[in-house]
Amino acid sequence: MSPRQLYRVVATAEMITWTLLILGMVLKYSGVTEWGVRVGGLVHGVGFLCYVLANVFVGLNQRWSLRTMAVGIASAFVPWCTWPYDRWLDKHSKLDGPWRPEGSGLRGWLLRHPVLALLLAAVGVAAVTSVLLWLGPPTGWSTRFG
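Reading the values: the criteria
Residues numbered from 1 in each chain as written. Predicted model: local features only at pLDDT ≥ 70, side-chain atom pairs only at ≥ 80, totals over all residues. Heavy atoms only, no water. Salt bridge = Lys/Arg side-chain N within 4 Å of Asp/Glu carboxyl O. Helix = DSSP H or I, 4+ residues; strand = E, 2+ residues; numbered from the N terminus. Buried < 20%, exposed > 50% of the residue type's maximum accessible area, 1.4 Å probe, protein only. Disulfide = S-S within 2.5 Å. UniProt positions renumbered as here; feature names shortened; annotations may be inferred.

Draft legend 1. Structural view of the pattern of salt bridges. Applying the stated rule across the entire model yields 6 salt bridges. Arg-8 is the partner of Asp-86 in a salt bridge, and the nearest nitrogen-oxygen pair spans 2.8 Å. One end of the pair, Asp-86, is in helix α4 (residues 82-91); the other, Arg-8, is in helix α1 (residues 3-29), and 78 residues separate them in sequence. On the accessibility criterion, Asp-86 (2% relative accessible area) is buried.

Draft legend 2. Region of the structure containing the state of the cysteines. Inspection of the entire model under this criterion finds 0 disulfides. The thiol of Cys-50 is not disulfide-bonded; the next cysteine sulfur, from Cys-81, is found 19 Å away. For Cys-50, a relative accessible area of 31% gives the class partly exposed. Overall, the relative accessible area of 26% leaves Cys-81 in the partly exposed class.

Draft legend 3. The arrangement of the UniProt feature "domain: DUF3817" (unreviewed entry) in the protein chain in detail. Summarizing the sequence annotation, UniProt attributes the feature "domain: DUF3817" (unreviewed entry) to residues 5-91 in the numbering used throughout. Taken end to end, residues 5-91 is 83% helix and 0% strand, and its two terminal C-alpha atoms sit 15 Å from one another.

Draft legend 4. Structural context of the environment of Leu-119. Here Leu-119 shows up in helix α6 (residues 114-135). On a C-alpha basis, the gap between Leu-119 and Pro-101 in space is 18 Å, while along the polypeptide they are 18 residues apart.

This is how it looks when you write it as structure tokens:
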């Protein structure tokens, strides 16, 4: 899987999870059920974390500026914005090229050990998701810590 393919898959998945969350919110606020927000929110949260990781990892590989990576992460905060950002990156040749496993840094090491990199990413996403589930909805954080 090339950097372009990985980025495109994760950006599309993040966009789909936005749809699930918004559908869940429509169901909740129309009085049907809160279940859609619980499931859609969790799925979207995991999708968001995966997108942030993919954005940073592909950005480091492609030697993007910090600004380009920051705009990529910011695009995940707006529903369905990862898709146009992906197209912008493609149009400006920012997704061209292979993985670059050379170098002694963390990025190079992870690219030389892709199975371990995926395992570490999965453990990281699971850990952050667990902490966020423990904290509960952001609207309740002030009562938990305030």
